[in-house]
Amino acid sequence: MKKQYWTEYESKVADDHYYYERSCIRQSFFTGSEEVFINIVRDLLGKDIADDMNLHTCSGIGYYSGVVPLDTTMTVVARLFALMTEAGYKNFVPSCITSFGLVNEVVDMWHHFPEKLEQIRGYLKEANGKEFDVPENIAHPCDIIYKYRKELKEKMKYSLTNVHTGKPLKVVEHIGCHYAKIFPRQVKGGAEFPQVLVGMIQEWGGEVVDYPERRHCCGFGFSQYMVLANRGYSAANSKKKLESMQPFKPDFILANCPGCTMFMDRWQYTIAETEGITYGENGMGIPVLTYEELAAILLGYNPWDVGLQTHQVQVEPLLDKMGIKYDPKDKYVGKSGAFLGEPEKPTHLKVKAYE
Amino acid sequence: MAELLDMISADIRYIDGLKACMNCGVCTAICPAAEFYNYDPRDVCNTLMSKDEVAIAELLKTDKIWHCGQCLSCKTRCPRGNVPGLLISLLREVSIRMGYFTESEEGRRQYAIKKTLGEHIVDSGYCVHVMHVKPHLHPEQGPVWEWYFKNSEEVADRQGGNYNKEGSGALRKISEESLKDLRKIFEVTGGKDFFEQIDRQSKKKASELKKNITDNVDDNEYFYHVYREKNETQE
Ligand code: SF4
Ligand code: SF4
């Protein structure tokens, strides 16, 4: 029945020559995800993708938190576009959902208010002596993975199947608000039924869980999370989602926004510490993955090279279900090859089942 | 006072974000902040549409405009194409420019956000970087984060990062040229003045509240007050 509401997807994702804009949040919390994405696009799909050392923040989190004025943020975005223009690219690929929403919003405002665009051009020229072209194409990296999901499937060593039962894994998909809610028409399925993660999950063998609070915000809230006094707002939103999905017993959560991925991971720890409640099996949590991490483990990357050891909710039960081999002794080893010691164990959220 | 209405009505967020609100309340129904706080985006539209300068100035001095989580779920839903979240973004900017933000407990928190997030942008070129997420300010991040924080270069670089080093790659050091350009952008576009306004007004408020305020975060009594305390009764 739902299908009748789905709008036809007109692919607006460029085929090649991507200018990658790194995300403060994804680099910090899911460092391996950005490297995996570049690797997949460049080496597995054979596409050209720029990783420019001159990049910097888009200032979006500062803007949405109310400490950076609109003109300043627009000019910071304009500098990123100038770097793209200087590098000879036209297809802008922001890794962060906040950036994705922001650059789309900025470009849309410039479209409706050309005098604003001229003012920002003037600011950038005065401040940095730079000029820029507005990108011809803005796509999120998840759009690119979605676009090439079939090609990637052919290269995958594993699938979203429980190797013990032979049944598809049950996956909750969470779409960051600034991906589909600001400009729903640009997204297949719109704000209600965005297809991007659903398409990956189904193509790679999993089953999508539908649950009441599926489209609810994770609760980041920008300024709400930034001060300790208001983090309860953020935790309460994630809790609402976790409570709503728990009865469906999902094997894991897949998200396209690095902020949402981090919050739904960390709040499971906080809720367990403060209330003793856990949402996964046997006192463990529900693992939360980025789509890059998911693609990587299905492709056979070492989970500890991708960064799965940096999640608070432990991923081993999921890897076991998928039949993915890993070396427990390698988990807490650093770049130098040295063992870095193990993190402390939480009070309530189990790190090993039946401990 | 006319200055206030002029500032609001000239902003593209006002022109883009408020057509004619029919008070249906759909935005309030979808709004996660309305679920959690005593906050109503429809009310914000009403006050703005009234063009009553006194009422708008009052709104800018309350906690209400700081409750929104900027998720923009309201943009998807409004049958009239209004965007309460966009109006909030404008009202927050105006509240700071007019110096009204220190009148409310929630508004005063902008000082803590400027000291952390805001200053990080011009100092490091990142809104957020591993080195900024200090475990003592972020107990909710948990023990695995503490482990990452303690071993950040080893852990980041194992994942292909280039932690605080020159060149490209995740978590790299942002080049001096980019930082110089970012600071210049803040100067030319008013971002620097905006930061100074937050500081100036916060210093005034700190002295009224008899809280010590310093440039440093670590021994800054006012910073910790607005960062973690929630003592006053909010309407
Ligand atoms: S942007 Fe603000 S007002 Fe709009 S739905 Fe989100 S929290 Fe509510
Ligand atoms: S949904 Fe739109 S029209 Fe309805 S109350 Fe909110 S802003 Fe007004």
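Residues numbered from 1 in each chain as written. Chains lettered and ligands numbered in written order. Predicted model: local features only at pLDDT ≥ 70, side-chain atom pairs only at ≥ 80, totals over all residues. Heavy atoms only, no water.

S.K.: Any details on the packing of helix α5 (residues 41–50) of chain B against helix α8 (residues 84–97) of chain B? Residues and values, ideally.
M.R.: Residues and elements named next belong to chain B. Orientation of α5 relative to α8, taken along the N-to-C sense of each, is 60 degrees, at an axis distance of 10 Å. Classified by the angle their axes make, α5 and α8 are oblique. Two packed elements cross with a definite hand, and for α5 against α8 that hand is left-handed. Listed contacts from α8 to Pro41, Val44, Cys45 and Leu48 of α5 are Pro84, Leu87, Ile88 and Leu91. Tallied by class, residues from the contact of α5 with α8 come to eight nonpolar, no polar and no charged. (Axes fitted to C-alpha atoms, helices over the stretch in contact; angles between N-to-C directions. Helix = DSSP H or I, 4+ residues; strand = E, 2+ residues; numbered from the N terminus. Parallel < 35°, antiparallel > 145°, perpendicular 65-115°, else oblique. Left-handed = near helix turned anticlockwise from the far one by under 90°. Contact = heavy atoms within 4.5 Å. Nonpolar A, V, L, I, M, F, W, Y, C, P; charged D, E, K, R; others polar.)

S.K.: I'd love a proper account of the side chain of Asn128 of chain A, names of residues and values included.
M.R.: Mapped onto the elements, Asn128 of chain A comes out in helix α6 (residues 114–128). Residue Asn128 of chain A is classed as buried on the basis of its relative accessible area of 15%. Reaching out from Asn128 of chain A, the side chain makes a polar contact with the backbone oxygen of Asp181 of chain B at a distance of 3.2 Å. With residues up to four places along the chain from it excluded, the contact list for Asn128 of chain A reads Arg79 of chain A together with Asp181, Lys184 and Ile185 of chain B. (Buried < 20%, exposed > 50% of the residue type's maximum accessible area, 1.4 Å probe, protein only. Polar contact = N/O pair within 3.5 Å; in protein donor to acceptor, adjacent residues only side chain to side chain.)

S.K.: I'd like a rundown of helix α13 (residues 258–275) of chain A, residues and numbers included.
M.R.: All names here are of chain A. For α13, built from 18 residues, the straight-helix expectation of 26 Å at 1.5 Å per residue is met to within 8% by its first-to-last C-alpha distance of 25 Å. Within α13, 15 of the 18 residues are buried, which leaves the element mostly enclosed by the surrounding structure. Looking one or two residues past α13, Gly276 carries a phi angle of roughly 75 degrees, positive in sign. (Expected span 1.5 Å × (residues − 1).)

S.K.: I'd like a rundown of α6 of chain A, residues and numbers included.
M.R.: Residue and element names in this part refer to chain A. With 15 residues, α6 extends 21 Å between its outermost C-alpha atoms, agreeing within 8% with the 21 Å of an ideal straight helix rising 1.5 Å per residue. Along α6, the residues that are buried comprise Lys116, Leu117, Ile120, Tyr123, Leu124, Ala127 and Asn128. Relative to the axis of α6, the buried residues are bounded by an arc of 120 degrees and lie together on one face. Residues Glu115 and Glu126 are exposed on α6 and point more than 90 degrees away from its buried face. (Arc of directions from axis to C-beta.)

S.K.: Please provide a residue-by-residue account of the site of ligand 2, values included.
M.R.: The local shell around ligand 2 consists of Cys21, Met22, Asn23, Cys24, Gly25, Val26, Cys27, Arg42, Cys45, Cys78, Pro79 and Asn82 of chain B. Elements with a minimum of two residues in the shell around ligand 2: α3 (26–30) and α5 of chain B. (Near = heavy atom within 4 Å.)

S.K.: Which residues make up the packing of helix α10 (residues 110–124) of chain B against helix α15 (residues 221–228) of chain B, and what values do they have?
M.R.: All names here are of chain B. Axis separation between α10 and α15 bottoms out at 8 Å; the angle between their running directions is 110 degrees. Here α10 lies roughly perpendicular to α15, going by the angle between them. Residues Tyr111, Ala112, Lys115 and Thr116 of α10 form the contact with α15, whose participating residues are Tyr222, Phe223, Val226 and Tyr227. Among the residues forming the contact of α10 with α15, the class breakdown is six nonpolar, one polar and one charged.

S.K.: How would you summarise the packing of aromatic side chains if you had to cite specific residues and measurements?
M.R.: For the structure shown, the criterion picks out 27 aromatic pairs over all chains. Relative to Trp145 of chain B, the ring of Phe29 of chain A has its centre 4.8 Å away and its plane inclined at 40 degrees; by these criteria the two rings are tilted. On the criterion of chain membership, the pair formed by Phe29 of chain A in helix α1 (residues 24–29) and Trp145 of chain B in helix α11 (residues 142–150) is interchain, its members lying in two chains. Taken as a pair, Phe29 of chain A and Trp145 of chain B share a single burial class, namely buried. Aromatic pair Tyr111 of chain B and Tyr222 of chain B: ring centres 5.3 Å apart, planes at 55 degrees, arrangement tilted. With a gap of 111 residues between them, Tyr111 of chain B in helix α10 and Tyr222 of chain B in helix α15 connect regions that are remote in the sequence. (Phe/Tyr/Trp six-rings, centres within 6.5 Å; stacked < 30°, edge-to-face > 60°.)

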